[in-house]
Amino acid sequence: MSHLPYSPPGWLRNGLAITLYTALLASRNWEAKLQDPEPPYQEKIFTGAGGVPIFGIVAIPDNPRGTIVGTYGITGSLDNQWFLRLLGRKAFAKGYAVVLFDWRAHGKTAVLSPTLTSDGLYEGEDFVCIAAEAKAMRCPAPFWFTGFSLGGQLALWGVKAAGEHLFFPLAIEDIAGAAVICPSLDSNRSLSYLVKHPVGKYLEKAIARALKQLAWQLSNLHPDAIDSAAIERANSIAGFDRELVIERLGFPSVEAYYQASSALGILPDLNKPTLIIYAEDDPLFDPTLVPDLKAACASNPHIDLMLTLYGGHVGYISSKANQLQIGDPDPWWAWNRILEWCDRFAT
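These remarks concern the structure in this document. (Residues numbered from 1 in each chain as written. Predicted model: local features only at pLDDT ≥ 70, side-chain atom pairs only at ≥ 80, totals over all residues. Heavy atoms only, no water.)

### Thoughts on the overall build of the protein
Phase 1: Helix and strand counts for the protein stand at 13 helices and eight strands.
Phase 2: In terms of overall size, the protein behaves like a compact globule, its C-alpha atoms giving a radius of gyration of 19 Å where 347 residues would be expected to give roughly 20 Å.
Phase 3: By its C-alpha atoms, the protein is 55 × 50 × 40 Å across when sized along the principal axes.
Phase 4: Here the protein holds 347 residues, and the buried ones make up 59% of them.
Phase 5: Sequence-distant contacts in the protein: of pairs separated by 6 or more residues, those separated by 24 or more amount to 77%.
Phase 6: When the accessible surface of the protein is summed, it comes to about 13800 Å², and 53% of that surface belongs to carbon and sulfur atoms.
Phase 7: One finds the centroid of the 28 positive side-chain charges in the protein at a distance of 5 Å from the centroid of its 35 negative side-chain charges. (Helix = DSSP H or I, 4+ residues; strand = E, 2+ residues; numbered from the N terminus. Rg over C-alpha atoms; globule rule 2.2 N^0.38 Å. Buried < 20%, exposed > 50% of the residue type's maximum accessible area, 1.4 Å probe, protein only. Contact = heavy atoms within 4.5 Å. Areas by Shrake-Rupley, 256 points an atom, 1.4 Å probe, with all protein chains shown as cover. Lys, Arg positive; Asp, Glu negative; His and termini not counted. Charge placed at Lys NZ, Arg CZ, Asp CG, Glu CD.)

Take a look at the structure:
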């Protein structure tokens, strides 16, 4: 398909600048830049892979045209992930049923279970389980899986899992595919790049602190489930996975775990329509991944890649001129493209 162009304000034509601006400033005034109200959500506890309870919220409009199932990135919860809640508002206003959830070890899901993350290995099946229960709640097909950053990786795993795990009343044709923003593709390469970068190393430390806080919250909620000494030792992103995750999943090393959960590695296996929005100036990911991503997408006709020069990591705030050029009602370029893309397949 032909892709509508993306252009940020001039002062945000830098990957780090737009990433920091989106995370620190846009999060404060996003509601003022959006016309759509909060949907009438109801809370729901889903049952994910292995019987793990997953907390979510569901909103179903009159005569829904399909269902968006989504989650967020490496840290946070539904209570503070405004970028995901923004999608919920826009999708509901366009007539989609919306299912948003706290993924494993996050938010209210962490309250329900001490089960830790697996970066897609089980979260992919969680997406499918959630879609099946959502269908039973009258959320209609087609179902689209979505997320951003690490949540984008999880959604891609959801498409892969849909071909391997189906649950009544879900049918394989009910899963339309995925549409993701800046998905994590290869943690081995990107973390190695990040910790060596003069600025990136501070971003890695900030994420690691948030993960450590998440681990302490889990420990407080489930005191017998997590070793406090292991939490003390977890002072990096890789350290979190080394100390708390890989042994439970049966991996001999963090490197082996990251290789197994790599989203780049499963792109050839995706056989449903999949949209990937990715910025070449993303400061969190190794830039050498860009040609590999292009090659993987070019070899799979099911994948539509929107590769942009700018956008940073989950930035994609468009300039006023860009909004006028393409007819967007607001600056949320990436979500506008995703919903526009899903509209092509909706009934």
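### What about helix α7 (residues 200–221)?
Phase 1: For α7, built from 22 residues, the straight-helix expectation of 32 Å at 1.5 Å per residue is met to within 8% by its first-to-last C-alpha distance of 32 Å.
Phase 2: Those residues of α7 lying buried are G200, L203, E204, I207, A208, L211, K212, L214, A215, L218 and S219.
Phase 3: On its buried side, α7 packs onto α1 (15–29), α3 (107–112), α6 (187–196), α8 (228–233) and α9 (237–249). (Expected span 1.5 Å × (residues − 1).)

### Here we look at the environment of V111
Phase 1: Considering the arrangement of structural elements, one finds V111 in helix α3.
Phase 2: On a C-alpha basis, the gap between V111 and G158 in space is 23 Å, while along the polypeptide they are 47 residues apart.
Phase 3: Discounting chain neighbours no more than four positions away, the residues touching V111 are L221 and H222.

### Looking at the nonpolar core
Phase 1: Counting residues in each nonpolar core, the largest one holds 119 residues, and the members touching the most others are F145 and L267.
Phase 2: Apart from residues no more than four positions distant in its own chain, L267 is found in contact with L156, I276, L293, A296, C297, N300 and I303. (Core = buried A, V, L, I, M, F, W, Y, C linked by side-chain atoms within 4.5 Å.)

### A look at the state of the cysteines
Phase 1: Per the stated rule, a full pass over the model turns up zero disulfides.
Phase 2: Unpaired in terms of disulfides, C139 finds its nearest cysteine sulfur in C342, a separation of 15 Å.
Phase 3: We classify C139 as buried; its relative accessible area is 2%.
Phase 4: Free cysteine C297: the closest other cysteine sulfur is in C182, separated by 13 Å.
Phase 5: Here C297 falls in the buried class, since its relative accessible area comes to 6%. (Disulfide = S-S within 2.5 Å.)

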